[in-house]
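# Breakdown of the fold
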Amino acid sequence: MEIVTSPNFWTAMLVLGVVLLVGVSFKTKALLNNVYVAVTISLLIAVAYFHLVDHYLMDMQGLDYWYLFRK
Amino acid sequence: MGGLTPNKMLSILALGAMVGLLLLPIVVSMPALAGGGGTPAAGGPPPDVAKKADTPEAAKVEKARDVYYKTEGIVTGAPAPKTADNPQFYPRYNFESRVLLWIANQQHLYYGSFVLAVPIFCMIIEFMGIVSKDKAMAKKYDQLAYDFIKISLTAYSLTAILGGILIFTFLTLYPAFFGYLSSIFRPVMHIYALLFVAESGTIYIYYYGWDRMKEGLLKWIHVSMSVVLNVIGTTLMFLANSWIGFMMSPAGVDEQGRFLGNIWHSIHTALWNPLNVHRLLGNMAFGGGVVAAYAAYRFLASKTDEERAHYDWMGYIAMAIGVAFLIPLPFAGYWLMREVYAYRQQMGITLMGGLLAWLFIIQATMIGILFLSSNYYLWQAMGRMRGAEKYQRYIKYMVFVLVCGFLIFITPHTIVMTPAELKAMGGQQHPVLGNYGVMSAKNGGINVIITTTVLSFIWYQRGNKVPMVSWAKFGNIFMGCFFALAYVNIIWLAIYGYYIPANVRVGLSVPQVATTLSCLFFMTALNLVMLKGAKQSGAIEWGKISVRSQYALIMLATAFTWMMGLMGYIRSSVRLFWHVNEIMRDNSPWAYTHTTGFAANMISFNVLFFWLTILFVFFLATLGVKKAPAEAKVSVPGRVPEPATGH
Amino acid sequence: MAELFAAAFGLGWPVLVLLVGLMIYFQVTIPDRATRRRAVFKTFIGMLAAVMAFIAIANYKLNFFGNSRLLPVSLAMVTALSFMMAMYFYNVSALFKIGGTMFFVAAALSGYGNWLPQVEGGFPPPEVKLDFGGMTAQQLADEGEKIIFGGIGQSKVQGAIGKGQCPLCHGFNEGFLSERAPNLFGIPERAKKQLEDPRYHKGKPGDRDTAQKEAFAGSGTAEGGQEYIAESHACPSCYVVSGFGVKGTNDKESPMPTIHKPPISLSLGELAAVDTWLYVREGKEPPSYEEIIKAYEKFIPEADRPKQTEDQPAAGGGGLLATGEEPVAQIFAKAQCVVCHTIPGIPGAMGTVGPKLVEKTNAPNRIKDPAYKGGAKTVREYITESVISPGTYVVKPFPDGVMPKVFGQKLSAGALNKIVDYLSQVEEGKEPPKI
């Protein structure tokens, strides 16, 4: 639980997603256009991105996004 | 390019004249501001005010505390007059003075907003024309900008006339109040008048110089003129806003309303900046709506395909500009409300949960209508593109999402009720529906609507194009995932709000908004990149749009006008029985707040009056076009209005 | 209905007559049969539209100020006639269609507005003096919140402050840091306990070692919680909560001003409102208005009670406090110096909020103080400076910013001169000068 509520975890996920994206696109475009690979990378980036948005924008207001989970 | 041609000389002179006009008010007001601080107000205030100012005691230096800034200042003005219900303070016809003033104000505001917004469009479109590489397109844009300014020129003189009528209405029906207001804003009012002169001068140079300055460097000079024009126009609006800001949240005066010598405090009140931003965006969206309605009218009235194509395109551009400014409007409104709550909580409660709450429910409905009609227009607009059929089948799902978002958005949380209703419902909140009215759910609703509008727009952009970039498939999947998760995130945050305490919940709207804006910025950008070098499955056939779409534009324009009237009424009536909030009481027989129905009827009247007059203006413009060579001379320069006397 | 038609006809008969005339004119003058029929028919449509338009206008006119919700019907009628006209008048059909659409939208929105429950904001409450005695506990508490914080609901707002100026020193919310004065959360309960504090000397005011032993001679000490609160307002130095006294006085003197006296001058009614709020906001049953007033009357003698009705010209910032024609003792009283300062020889000048004014002794020492940054060279200059600009040199241990900075404007030159004359002659340990 503690790992999941950490922004570092989601930053790592986002970085992982971007690294995968760059890595795969350098290797071969065909692999990138593979549905499974594309969905995995997209989901990774999007989920991590929105979690970071939620976390940091709440944090900026001095509030805790993970309130319910840490309660 | 080449040497210094007479044309170039002339243009540089014209630009110089414009900058001169821009600086004129500042230069003229310098000595006035420096010396004008201490002298008692001349002319303006009615007898009772003047009397108080003349008593010898008032001449002695006296200090008092600013009601808002809490600073000490030397008392230089007379206290706000205490009025009574008699013809001396409130001269009247056999009619409600407030209604007359309401009409005069609203009409002036409609025209004013229009003529301030259109030059901003002109600036944008003219610039687009210059940077456009496609020669034919550039010419089209340029012609469009010229058409825009032509429309606004006719409306401009009407604005000035209406401004004059407004001032006379104020002077004759509310002399005590207007005297007080002008005693405080005396220098600002003069600068305002001078700026109006500058605006008129600038707009005429800009308009009549169009043909002479269409090439090379001259064109750039011409564009910079439009910048000067807009700087003047925007300043004008900010100054006018300072008066209403002062009426809502006074500053720079003490508790009795005596001016403390710092005009900047009176201008820069608690609500000034939020009002400025909100109004600027609102004007732009409104202006877009009016121009779109003009285009729709010309489209419906046109006889040839070329005409139809041109006005279809014009309507599309105007609508796009209008919607572009409509999207940030709710956020600016949110800021304004937050500042209202920060200034006086009571005022915020009157607005959102008290006397005026029903008007906000109407407003929520209207926001929904605006977004629904712009979506409808975009879907209809796909009809003019070959290859857009593939998206048509998704539209029904989008309608479903939009309607769900809309219904949640308009559900009120707490409302004003009669005791009987209260009893029947078992409390201020409906046992089931009340839950949807919580702010985080409402925010969820509106964010879903806006995100869907973004999606509609992206589909529209792709309508006739097939992305050819090598990673197109990945791009599509990524875009799909991003949108899907954006919806999930918005809805998740909306639901999450029910499980956490209110003080944490209030913060949820920020990530919700950020999610929507992420979609707006990232996805439209990604879409543009993907569409680079895209294969066209068919050309855009301008003019092939359905007639219904044009009614959507008219609907958009009317709804926008109505909403503007509504919001203006809300903003003005939140002061309740104060002319100047907590400083000067309204003791006229019309100090009460009207019913929702009466307000709605008044707003309808104002909206229809505005549209009838402006349709007439449009109609006159079509008459002019028939005598094509003479069209530029429709508005004769000799008929320059003299707004300075009116303002 | 008949009234409506009558009104419509009254408004529109010239137009109808004109149209009928036009119809006859077409009938007579147009030779071609088809053209004639078309013209007559169009005129007929025009008449129909005109009738509808005038009924719509009459409806608007009759119901404008009434509570009728039928006004949108007018708009709907205009919508119908616009589309009807658009069908037959091709040249301007677009205009009519657009107009019709607009009327339709406006009618729908107007109808929506009229369909919603109708709330009318009544006339504003008349500007009356508040009658604290006739209020319910909640109203009284609301007034109290206004006095303390400046508005209802403001007690939650950081930094909100009302005319009572209490939050300047006191904290009001649980757990709030409150260094200058006790946090007043839980005061209704605590008040009773304070009476048992041995330092309070309940019932034996003579045993107190504080700067002031009783609110006024013979007032005695508080017997209950509410009386304790009343005494704290009326005589802050009668008992000082430990740790909150003026620095260096070992809690024998309170820095708090007497609330019923200037500069704050709350009336008994206002004090009752303030106290009621203290109870109500904690959900406690407040004492009745009469009980609170009685508690205050115990500690504030008749003559000292501020009258609520007076408009307080001094506080409002009207004219001068003193013109200089009065005897000097009166000037000290009028300018309210006596409230905060002890001035030997001036009756009633026993204040302890500011330093004792023995300036012939003090001034030379102050000018020599290395911390002194003012420009005065003589005793007279020093006194003048201290009156007009109190912040220039603040005598230890008194806090800065307490003395009003308005005396430069509120005293005439003559009055100031008299004050300076008098104070410059007062010497420590000597007889005060003759007035």
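Each helix and strand in chain C was counted, giving 16 helices and 0 strands. Taken across its 435 residues, chain C has 44% of its residues classed as buried. A separation of at least 24 residues holds for 55% of the contacts in chain C among residues at least 6 apart in sequence. When the accessible surface of chain C is summed, it comes to about 22,800 Å², and 60% of that surface belongs to carbon and sulfur atoms.

All names here are of chain B. Structurally, the position occupied by Arg 462 is in helix H18 (residues 439-462). Overall, Arg 462 belongs to the buried group, its relative accessible area being 8%. Among the polar contacts listed, one links the side chain of Arg 462 to the side chain of Asn 476, at a separation of 3.0 Å. The residues touching Arg 462, leaving out its near neighbours within four places in the chain, are Tyr 391, Pro 467, Asn 476, Met 479, Asn 527, Met 530 and Leu 531.

At the junction of the two partners, chain C supplies 39 residues and chain B supplies 46 residues. Taking both sides of the interface into account, the surface hidden between chain C and chain B amounts to around 4,100 Å²; carbon and sulfur atoms contribute 71%. Among the residues chain C hides against chain B, the three largest losses belong to Met102(C), Leu109(C) and Val119(C). Together they make up 15% of the total. The tally of links from chain C across to chain B stands at 7 residue pairs in polar contact (both at pLDDT 80 or more). Those elements giving two or more residues to the side of chain C that touches chain B turn out to be helix H3 (71-88) and helix H4 (93-115) of chain C. Take the side of chain C that touches chain B: its biggest share by element is 14 residues, from H4(C). A per-class count over the side of chain C that touches chain B returns 23 nonpolar, 13 polar and 3 charged.

Here we take up the nonpolar core. One broad rule of soluble globular proteins: the nonpolar side chains tend to lie buried together. The biggest cluster of nonpolar side chains holds 226 residues, and the ones touching the most others in it are Phe114(B) and Phe185(B). Of the residues forming this core, the biggest block, 16 residues, is contributed by helix H5 (residues 135-173) of chain B. Apart from residues lying up to four places away in sequence, Phe114(B) is in contact with Ile151(B), Ser152(B), Ala155(B), Phe286(B), Gly287(B), Val290(B), Val291(B) and Ile614(B). By size, the runner-up hydrophobic cluster in this structure holds 40 residues, among which are Ile147(C), Cys166(C), Leu268(C) and Tyr289(C).

All names here are of chain B. A surface patch of nonpolar side chains, amounting to about 370 Å² of accessible area, comprises Phe 127, Val 131, Leu 217 and Trp 220. Tracing the backbone shows Phe 127 in helix H4 (residues 97-131). Phe 127 sits in the partly exposed class, given a relative accessible area of 38%.

With that settled, the discussion passes to the packing of H5(B) against helix H6 (residues 175-184) of chain B. Residues and elements named next belong to chain B. Remark: H5 packs on H6, axes separated minimally by 5 Å, with the N-to-C direction vectors making an angle of 115 degrees. Of the residues in H6, those touching H5 at Ile 167, Phe 170, Leu 171, Thr 172 and Leu 173 are Pro 175, Phe 177 and Phe 178. Looking at the contact of H5 with H6 residue by residue, the classes come out as 7 nonpolar, 1 polar and no charged.

Here we take up unusual backbone geometry. Residue and element names in this part refer to chain B. Even without glycine at this site, Leu 576 takes up a positive phi of about 55 degrees. One non-glycine residue, Glu 582, lies in positive phi territory at about 65 degrees. Mapped onto the elements of the fold, Glu 582 is located in the loop between strand S5 (578-580) and strand S6 (584-585).

Let us now look at the pattern of salt bridges. Residues and elements named next belong to chain C. All told, the structure shown has 18 salt bridges over all chains when counted by the stated rule. For Lys 202, the salt bridge identified is with Glu 196, shortest N-O distance 4.0 Å. The closest approach of N and O atoms between Glu 231 and Arg 208, which form a salt bridge, is 3.2 Å. Residue Glu 231 is located in helix H7 (residues 225-234), and its partner Arg 208 is located in the loop between helix H6 (187-194) and H7; the two are separated by 23 residues in the primary sequence. For the pair shown, Glu 231 and Arg 208 are each scored as buried.

Our focus in this paragraph is the interface of chain A and chain B. Chain A puts 27 residues into the contact, and the matching count from chain B is 28 residues. Interface area for chain A against chain B, summed over the two sides, is near 2,400 Å², with a carbon-plus-sulfur share of 76%. Its largest share of buried area at the contact with chain B, chain A owes to Asn33(A), Phe50(A) and Tyr67(A), together 24% of the area lost on that side. Viewed at the interface, chain B and chain A are joined by 0 salt bridges. At the boundary of chain A and chain B, one finds 4 residue pairs in polar contact (both at pLDDT 80 or more). Contributing elements (two or more residues each) for the side of chain A that touches chain B: helix H2 (29-32), helix H3 (35-60) and helix H4 (67-70) of chain A.

Parameters and conventions
Residues numbered from 1 in each chain as written. Chains lettered and ligands numbered in written order. Predicted model: local features only at pLDDT ≥ 70, side-chain atom pairs only at ≥ 80, totals over all residues. Heavy atoms only, no water. Helix = DSSP H or I, 4+ residues; strand = E, 2+ residues; numbered from the N terminus. Buried < 20%, exposed > 50% of the residue type's maximum accessible area, 1.4 Å probe, protein only. Contact = heavy atoms within 4.5 Å. Areas by Shrake-Rupley, 256 points an atom, 1.4 Å probe, with all protein chains shown as cover. Polar contact = N/O pair within 3.5 Å; in protein donor to acceptor, adjacent residues only side chain to side chain. Buried area = accessible area lost by both parts, 1.4 Å probe. Nonpolar A, V, L, I, M, F, W, Y, C, P; charged D, E, K, R; others polar. Core = buried A, V, L, I, M, F, W, Y, C linked by side-chain atoms within 4.5 Å. Patch = residues over 30% accessible without salt bridge, like charges linked within 9 Å, V, L, I, M, F, W, Y side chains within 5 Å. Salt bridge = Lys/Arg side-chain N within 4 Å of Asp/Glu carboxyl O. Axes fitted to C-alpha atoms, helices over the stretch in contact; angles between N-to-C directions.

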